Amino acid sequence: MSTGDALSIRPQHPAPARLDELAVRFALEPRGETADLAVTGVTLDSRDVRPGDLYAALPGARRHGASFARQAEASGAVAILTDDEGERIAREAGTALPILVSEQHPREILGEVAAKIYGTGAHGTDAHGTDAHGAGDFAAKIFGITGTNGKTSVVYLLAELLRAAGFTPGLSSTAERRIGDEVIVSDLTSPEAPELHALLARMGEKGVDGVALEVSAHAVERHRIDGVRFDVVAFNNFSQDHLDDFGDMESYFAAKLALFSPEHAERGVVVVDSPYGQRIARESRIPVTRLATEYGQDADWHLAVTRQTIDGVSFVLQGPGGAHFRGSVPMFGRFMAENAALALIMLHEAGVPLERVEAGLEHGRIPVYIPGRLEAMNPKLPLEAGPRFYVDYGHTPGAFAAMLDALGEVAPGRIIFMFGADGDRDTTKREEMGRIAAAGSDVLIVCDYHPRSEPPEAIRAQLIAGARSANRAEVIEEGDPRAAIRLAISLARAGDVILYAGPGHEDYQEVAGQHLPYSARDEVRGALREAGLLP
């Protein structure tokens, strides 16, 4: 089942939370009559206000959310949460709603407020140990994964392993939301705190008892996960990304490290192959267990890859106290074995025995499908009959290096790699993306991704400059991604592998302020059919 009409996914049977109790609990000053008033939801998006909501009017980069107070009131908001400036703007706009005024930035308390309203604090309590009044006790195990690359893959692996262990899983990823077997497409790539808690409350209503969440650096820094109490969080890798927002690698890293604190989680799992992982393990403020995938690295758990093909990877995981798991993932790459190992250890740390997980799998095979992540577009075509075509969401230097290194170990023929880069985003990584792409492939096709407001030819020029510095791959420029797909197929021979990185699951291309319909997966399938390489 798929729905996507609403901005946020809400519980169907919310319980009311009294405004006067919220005011006392969070030291809010009521301005206007709040006696006998209650709210059943909360949102910071005026377009998402529903009858009974508390509208959180936050100061923004261009406009204060209080500018939309009248729209929120017309949509059924019961009250407004804002700051002093927001109250002034809301009153000038003509709203008569009661206003709860926060002395601190409203965003800093919004997560806890949402947890209180929806009843999604830790097992029915909020961070301060008081009863969470709302949709009821939320007793699911909650897992969070952070890192630069691979978060989505770990989330989907966690969901499959939870299912194998007898749980009803829920997840929130860049690609979609899942509540048990229900798939919900949402416009939100990284939910704000009210949307996240509303989703958790809906999961609770549907019997979900194991939740896997992607946690970006932005989500930590911008308080989007506040009020969520993770049983286990994990860190897998770290490489350059988002420097347009964070400024430098140290600030970006600090946002990841902040997840490993008692305010957010009980325990942690860290891959310690890199210096950054070792730092997380040293500087974490919660107990952590360490995973190593490199021989000789000091750790609590060790992973060994036993077999690799283009169709999957097999591995053995060994841990303390004789803990042991032998399994496989139907996707290529050592990093997929690492993602699976990380998910397994997270469950173990949450008290779920590996034997219980193994009992729910067939010969240790984890039957995971991850939309737009190393997704084979023609998996049934024998390699001796033609090329294999993959689409992936990877869009960082680290992701490119991992994928191309993995392909280099299993691809029987040449590697044809095609990609573009984001406009209006971190420009400092573009030449490195091009260099890594060319160093790991035989043929490189540079096309457009989301140019946004930048001239697409200028973005391609930076990528090509980096690619040519590698002095390895044949470098071809073809701005139109549709034409680039067909060019890649025309150049490919039997046994070759084509990898299209960047768009993954997305269904649009952003050009000059417009979202133009474009699905890389649909376009690739169509081109493969035209070439007789897909039934």
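Check the entry above for the structure.
Analysis parameters
Residues numbered from 1 in each chain as written. Predicted model: local features only at pLDDT ≥ 70, side-chain atom pairs only at ≥ 80, totals over all residues. Heavy atoms only, no water. Helix = DSSP H or I, 4+ residues; strand = E, 2+ residues; numbered from the N terminus. Buried < 20%, exposed > 50% of the residue type's maximum accessible area, 1.4 Å probe, protein only. Contact = heavy atoms within 4.5 Å. Polar contact = N/O pair within 3.5 Å; in protein donor to acceptor, adjacent residues only side chain to side chain. Pairing = 2+ DSSP bridges. Axes fitted to C-alpha atoms, helices over the stretch in contact; angles between N-to-C directions. Right-handed = clockwise from strand over helix to strand, strands pointing away.

Looking at the element boundaries, Ala234 is found in strand β13 (residues 230-235). Here Ala234 falls in the buried class, since its relative accessible area comes to 0%. In the structure, Ala234 is positioned 93 residues away from Gly327 in sequence and 20 Å away in space, judged by C-alpha atoms. The contacts of Ala234, once residues within four sequence positions are left out, are Gly144, Ile145, Thr146, Phe260, Val269, Leu342 and Met346.

A few words now on the side chain of Ser102. The topology assignment puts Ser102 in the loop between β7 (99-101) and α4 (107-118). Owing to a relative accessible area of 2%, Ser102 belongs among the buried residues under this scheme. At 2.8 Å, the side chain of Ser102 forms a polar contact with the backbone oxygen of Gln104.

Our next topic: the sheet that holds strand β10 (residues 177-179). Sheet architecture is open: 11 strands sit in the order β11-β10-β9-β12-β8-β13-β14-β15-β16-β17-β18, paired in mixed fashion. Strand pairing shows two members of the sheet lacking a second neighbour, β11 (182-184) and β18 (324-329), which therefore form its edges. Going from strand to strand, the sheet's axes swing by 20° on average, the running direction of each strand aside. Here β10 pairs with β11 via 3 bridges, running antiparallel.

Before going further, it helps to spend a moment on the sheet that holds strand β5 (residues 53-56). Spatial ordering of the open sheet is given by β2-β7-β6-β5-β4, a layout of 5 strands whose pairing is mixed. Looking at which strands have only one partner, the edges of the open sheet turn out to be β2 (29-31) and β4 (41-43). The sheet shows a mean angle of 25° between the axes of neighbouring strands, taken without regard to direction. In this structure, β5 lies alongside strand β6 (residues 79-82), joined through 3 bridges in parallel fashion.

In this section: the pairing of strand β22 (residues 443-446). Here β22 shows a buried face lined by Val443 and Ile445 and a second buried face lined by Leu444 and Val446. In terms of strand pairing, strand β21 (residues 415-419) meets β22 through 4 bridges, oriented parallel. Pairing of Met418 across the sheet is with Ile445, part of β22. Running through helix α14 (residues 430-439), the crossover from β21 to the neighbouring parallel element β22 is right-handed. In terms of strand pairing, β22 meets strand β23 (residues 474-477) through 4 bridges, oriented parallel. Counterpart to Val443 in the pairing with β23 is Glu474. Read as a crossover between parallel neighbours, the route from β22 over helix α15 (residues 456-468) to β23 is right-handed.

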